[in-house]
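Examination of the molecular architecture
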Amino acid sequence: MSNKNSNTAKIIEVLNEARSMELCGITQYMNHHYKLDDEDYVKLAKEMKRIAIDEMKHAEAFAERIKDIDSNQEPTFDIKGTVIKGQKIDAIYTHDKNSEDETINKYNEFAKICRENNDVISATLFERIVTEEQEHLNYFDDIANHIKELGNSFLARQTDKD
Ligand SMILES: [Fe+2]
Ligand SMILES: [Fe+2]
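Computed from a predicted model, the values in this text were never measured in an experiment. (Residues numbered from 1 in each chain as written. Chains lettered and ligands numbered in written order. Predicted model: local features only at pLDDT ≥ 70, side-chain atom pairs only at ≥ 80, totals over all residues.)

Looking only at helices and strands, one finds five helices and zero strands in the protein chain. If you list the helices and strands of the protein chain from N to C, you get α-α-α-α-α. Counting the 162 residues in the protein chain, one finds 32% classified as buried. Restricting the contact set of the protein chain to residue pairs at least 6 apart, pairs at least 24 apart contribute 76%. (Helix = DSSP H or I, 4+ residues; strand = E, 2+ residues; numbered from the N terminus. Buried ≥ 20, exposed ≤ 12 C-beta atoms within 10 Å, placed from the backbone. Contact = placed C-beta atoms within 7 Å.)

See the structure below:
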């Protein structure tokens, strides 16, 4: 619960904005998951699905925090950002890396806003999620580099069903 010094409206605003960003990420990563599956990059598709599910958990965590602060609030279903369809494999990983980077910057800013408004619980939630977004960024960056440096020899190994 928020204490009387906290600016509840501002905190709910940043939690909703973060949830909107997660809803965009979920939709984008599901799109990438199905595209990679269509192209038989089984291993890459499996990891993309796992990351889409991480973002679903984040969207739920932000909604749960909003409901904890004020049970009368309806967490947003708006999607913030653009979902791009039909990207080629080399574009997918650069795009997703950049979107994680933007998310990390935003959530660090939101954590700071929560702390300034005496809501340590929301600040800690943002900080916990930032560490997971950093793992996503590192993974996308690794794959983007493998595709750039190894090209088809790397991609050929992503089709094994093991
Ligand atoms: Fe997320
Ligand atoms: Fe992420």
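The next point concerns the packing of helix 1 (residues 8-38) against helix 3 (residues 89-116). Where helix 1 meets helix 3, the closest approach of the two axes is 11 Å, and the angle between their N-to-C directions is 165°. Viewed along their axes, helix 1 and helix 3 adopt a mutual orientation that is roughly antiparallel. In this structure, helix 1 crosses over helix 3, and the sense of that crossing is left-handed. Contacts between helix 1 and helix 3 involve Lys10, Ile11, Val14, Ala18, Met21, Gly25 and His32 from the former and Ile92, Asp96, Ser99, Thr103, Lys106, Tyr107, Phe110, Ile113 and Cys114 from the latter. Tallied by class, the residues present in the contact of helix 1 with helix 3 amount to nine nonpolar, four polar and three charged. (Axes fitted to C-alpha atoms, helices over the stretch in contact; angles between N-to-C directions. Parallel < 35°, antiparallel > 145°, perpendicular 65-115°, else oblique. Left-handed = near helix turned anticlockwise from the far one by under 90°. Nonpolar A, V, L, I, M, F, W, Y, C, P; charged D, E, K, R; others polar.)

Turning our eyes to something else, we now look at unusual backbone geometry. Apart from glycine, the bulk of residues carry a negative phi angle, and the bulk of peptide bonds sit in the trans form. With a phi angle near 65°, Asp40 is a residue other than glycine that sits in the positive phi range. Considering the arrangement of structural elements, one finds Asp40 in the loop between helix 1 and helix 2 (42-69). Looking at Asp40, the number of C-beta atoms within 10 Å reads 12, which means it is exposed. With a phi close to 65°, Asn118 is a non-glycine residue in the positive phi region.

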